[in-house]
2 protein chains.
Amino acid sequence: VRFSSQTTQDGVTERVFQLDGIPGVLWSGGGPSSGRVLLGHGGGAAHKLAPGLVARARRHVACGFTVAAIDAPEHGDQPRTEQDTRLLADIRRRHAAGEPVGPDIARRCADLAARAVPQWQAVLDALTDLDCVLAPGPVGYWGLSLGSALGVPLAAAEPRISAAVFGLAGGAILAQAAAGISIPLLFLLQWDDELIPRASGLALFDAFASRDKTLHANPGRHREVPPFETDSSERFFTRHLL
Amino acid sequence: VRFSSQTTQDGVTERVFQLDGIPGVLWSGGGPSSGRVLLGHGGGAAHKLAPGLVARARRHVACGFTVAAIDAPEHGDQPRTEQDTRLLADIRRRHAAGEPVGPDIARRCADLAARAVPQWQAVLDALTDLDCVLAPGPVGYWGLSLGSALGVPLAAAEPRISAAVFGLAGGAILAQAAAGISIPLLFLLQWDDELIPRASGLALFDAFASRDKTLHANPGRHREVPPFETDSSERFFTRHLL
């Protein structure tokens, strides 16, 4: 892990790092941390230092967690591949022409997930060795939308993830991965999501094998998750990780 | 209001009362209360002093609420009518014979609601005049299952109800009343409810006109709502009433 910057504000230290080309950031508090939370950002222009993600990270640190985020493949400081750039342009062109693009988006997400999962696992290995993070213990994952498209396959593959907040996602590929996940879950669904059909989100919640899973559904569109659900996520992680 | 008994334990005073034949109970704390919550018990053998309801009331008082419950018609200390006794026996007989009883139960609930709504309103009038309850202000209603079958029509008819927790309910009659309700809501649904079909519960949540409504769904049967949803209800009322 190579740290390139370190700033401390209101008791929260933010350290930007690179690990074998993976751009990441680590937030920690002054005291001992007894749990870790990984944050997976959303799609589009989002990245590991998007304002909403940073605010969430700082709140989690205040609760006693050490928090990490990385740029998803093709996002933030990760390199863009020509193949993905072409695929995105094709999706935009077909969407503008009124053609259905759901299957294309699902295929792209699956491709990004296949690259993101080993990156998250490498970061988890490296951070576990760092002084600032306590001995191996429970790890939570939070990620909506693209954060779930990558996080659900991660949780299915990685036994260190012991609780997760997912949501704003659906589709058969994720549902298949979900069937192999049995950790405690909080799943957020927007009742009027213009990107994820309601039935698809409900089916994904249904697909998780977890006995301890809770669906929180609120009115509104994809990006209109109400602020009080941030409190719900914090309480969920506190209940399961601390 | 005629009070028949008063006990104080751990700072919570419980007073059993009768108001024009309506049997009720009032819980209050030592300090000033700035919000009121009405509790509607479930069906079957439940009543205003069922242990779960008393425990919930005491927790709400600790949060700063004054809390009231009454026996639903045909429950607790309310008189049983011959008509309802016959109807119940008929429902049990047909259920045992494998016949569908959903419509009969819905009709019975509608009948109980028609009697319960004016009783709740009379209690609310009377309690507002009592010393122990502060000046008229926001009133919350909590009730699942039968508590929703009576509470949804109450909230539709009574403008003093300004936030409610409903759930474990469905059906066209309630959905029709729900369309006239626009207060903040928390709606609890059991994903494997053996009494309320999942689609019927989701349709009832969908039917509420409220812009601020949240669905919490958990795996398990009708009576298996997880204990942490009690915390959710408390936070919901604290957010909207205090």
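Residue indices begin from 1 for each chain and proceed along its sequence in written order. Throughout, the order in which chains and ligands are written sets their labels, letters from A for the former and numbers from 1 for the latter. The model is predicted, so local features are restricted to residues of pLDDT at least 70 and side-chain atom pairs to those at 80 or more, both for listing and for counting; the totals for chains, interfaces and linings are taken over all residues. To get the side-chain values, all heavy atoms of the structure are used, and hydrogens and water are removed first.

Asks: What's the story with the relation of the copies chain A and chain B in this structure? I'm lost.
Replies: Between the two chain copies there is a screw-like relation: a rotation about an axis and a shift along it. The transform that puts chain A on chain B rotates by 180° and translates by 0.0 Å along the axis, for an RMSD of 0.0 Å. Within this description, the copies of the chain are treated as partners about a two-fold rotation axis. For chain A, the smallest separation between a C-alpha atom and the rotation axis is recorded for A:His216, amounting to 2.4 Å. Residue contacts are counted whenever heavy atoms from the two residues lie within 4.5 Å of one another. The share of interface residues of chain A whose copies in chain B are also at the interface is 100%, consistent with both copies meeting through the same surface. Here the copies were fitted onto each other by least squares, based on C-alpha atoms from residues at pLDDT of at least 70 in both.

Asks: Explain the pattern of salt bridges to me, please; I cannot follow it from the model alone.
Replies: Pairing between side chains of opposite charge can happen when the charged atoms of each approach one another. Residue and element names in this part refer to chain A. Salt bridges are identified by distance alone: a Lys or Arg side-chain nitrogen within 4 Å of an Asp or Glu carboxyl oxygen. Enumeration according to the criterion identifies 36 salt bridges over all chains in this entry. Note that Glu74 and Arg115 form a salt bridge whose closest N and O atoms lie 2.8 Å from each other. Of this pair, Glu74 sits in the loop between strand S5 (65-70) and helix H2 (82-96) while Arg115 is found in helix H3 (residues 102-129), placing the two residues 41 residues apart along the sequence. Overall, Arg115 belongs to the partly exposed group, its relative accessible area being 27%. In this structure, a network of salt bridges that share partners links the residues Arg94, Glu99, Asp104 and Arg107. Secondary structure elements are taken from DSSP: a helix is a run of H or I of four residues or more, a strand is a run of E of two residues or more, and numbering for both begins at the N terminus. Only protein chains enter the area calculation, which uses a 1.4 Å probe; residues under 20% of their type maximum are buried, those over 50% are exposed, and those in between are partly exposed.

Asks: What is the right way to read the nonpolar core from this model?
Replies: It is characteristic of soluble globular proteins that their nonpolar side chains tend to be buried jointly. We call a set of buried Ala, Val, Leu, Ile, Met, Phe, Trp, Tyr and Cys residues a nonpolar core when their side-chain atoms join them within 4.5 Å. Of all hydrophobic cores here, the largest spans 87 residues; its most connected members are A:Phe166, A:Phe208, A:Leu215, B:Phe166, B:Phe208 and B:Leu215. Per-element tally for this core: the top contributor is H3(A), with ten residues. In this structure, B:Phe208 is in contact with B:Val152, B:Phe166, B:Ala178, B:Ile181, B:Leu185, B:Phe187 and B:Lys213, ignoring residues within four places of it in sequence.

Asks: Sorry if this is basic, but what is going on with the environment of B:Lys213 here?
Replies: Mapped onto the elements of the fold, B:Lys213 is located in strand S9 (residues 213-218). On the basis of relative accessibility, which here comes to 5%, the residue B:Lys213 falls in the buried class. As a C-alpha pair, B:Lys213 and B:Leu186 span 27 residues in sequence and 5.8 Å in three-dimensional space. Here B:Lys213 is in contact with A:Ala217, A:Asn218, A:Pro219, B:Leu185, B:Phe205, B:Asp206, B:Ala207 and B:Phe208, once residues within four sequence places are set aside. Nitrogen and oxygen atoms within 3.5 Å of one another constitute a polar contact, given that in protein one can donate a hydrogen and the other can accept it, and given that sequence-neighbouring residues count only through two side-chain atoms. Of the polar contacts made by the side chain of B:Lys213, one reaches the backbone oxygen of B:Phe205; its length is 2.8 Å.

Asks: Please clarify how the pairing of strand S4 (residues 35-40) of chain A should be interpreted in this entry.
Replies: Residues and elements named next belong to chain A. The element S4 is extensively covered by neighbouring structure, given that six of its six residues are classed as buried. Here S4 shows two buried faces, one formed by Gly35, Val37 and Leu39 and the other by Arg36, Leu38 and Gly40. Any two strands with at least two DSSP bridges between them are considered paired. Two elements, S4 and S5, share five bridges in a ladder whose sense is parallel. Counterpart to Leu39 in the pairing with S5 is Ala69. If you view a crossover with the strands going away from you and the path from the first strand over the helix to the second runs clockwise, you call it right-handed. Handedness of the crossover joining S4 and S5 through helix H1 (residues 51-62) is recorded here as right-handed. Two strands pair when backbone bridges link them, and S4 and strand S6 (residues 139-143) are joined in this way by five bridges, in the parallel orientation. Pairing of Val37 across the sheet is with Gly140, part of S6.

Asks: I'm lost on the pairing of strand S7 (residues 161-167) of chain B in this one. Help?
Replies: Sheet faces and side chains relate simply in a regular strand, where the side chains alternate between the two faces. Residue and element names in this part refer to chain B. Here S7 lies mainly inside the structure; six of its seven residues are buried. Pairing geometry for strand S6 (residues 139-143) and S7, over four bridges, is parallel. Its bridge partner being in S7, Gly140 is matched across the sheet by Ala163. A crossover connection joins S6 to the parallel S7 through helix H4 (residues 146-157); in handedness this β-α-β unit is right-handed. The pairing of S7 with strand S8 (residues 185-190) spans four bridges and is classified as parallel. From the neighbouring strand, Ala164 faces S8, where its bridge partner is Leu185. In the classification by handedness, the crossover that spans S7, the intervening helix H5 (residues 172-178) and the parallel S8 is right-handed.

Asks: Got a minute to help me understand the interface of chain A and chain B in this structure?
Replies: Interface size is commonly expressed as the accessible surface area that is lost when the partners come together. At the junction of the two partners, chain A supplies 21 residues and chain B supplies 21 residues. Carbon and sulfur atoms make up 56% of the surface buried where chain A meets chain B, a total of about 1700 Å² over both sides. Per-residue buried area on chain A facing chain B is highest for A:Trp191, A:Pro219 and A:Phe228; these three make up 29% of the total on that side. Summed over the shared surface of chain A and chain B, the result is eight residue pairs in polar contact (both at pLDDT 80 or more). Going through the elements one at a time, helix H6 (198-207), strand S9 (213-218) and helix H7 (228-241) of chain A are the ones with two or more residues in the side of chain A that touches chain B. By buried area we mean the combined loss of accessible area, with a 1.4 Å probe, across both parts when two parts are placed together.

Asks: For this particular structure, what's the right way to read unusual backbone geometry?
Replies: A negative phi angle characterises most non-glycine residues, just as the trans form characterises most peptide bonds. If you check the backbone angles, A:Glu74 has positive phi at about 70° while not being a glycine. Judged by relative accessible area, which is 4%, A:Glu74 ranks as buried. Even without being glycine, B:Asp20 reaches a positive phi, approximately 50°. Considering the arrangement of structural elements, one finds B:Asp20 in the loop between strand S2 (12-19) and strand S3 (22-28).

Nothing here speaks to function; it is all geometry.
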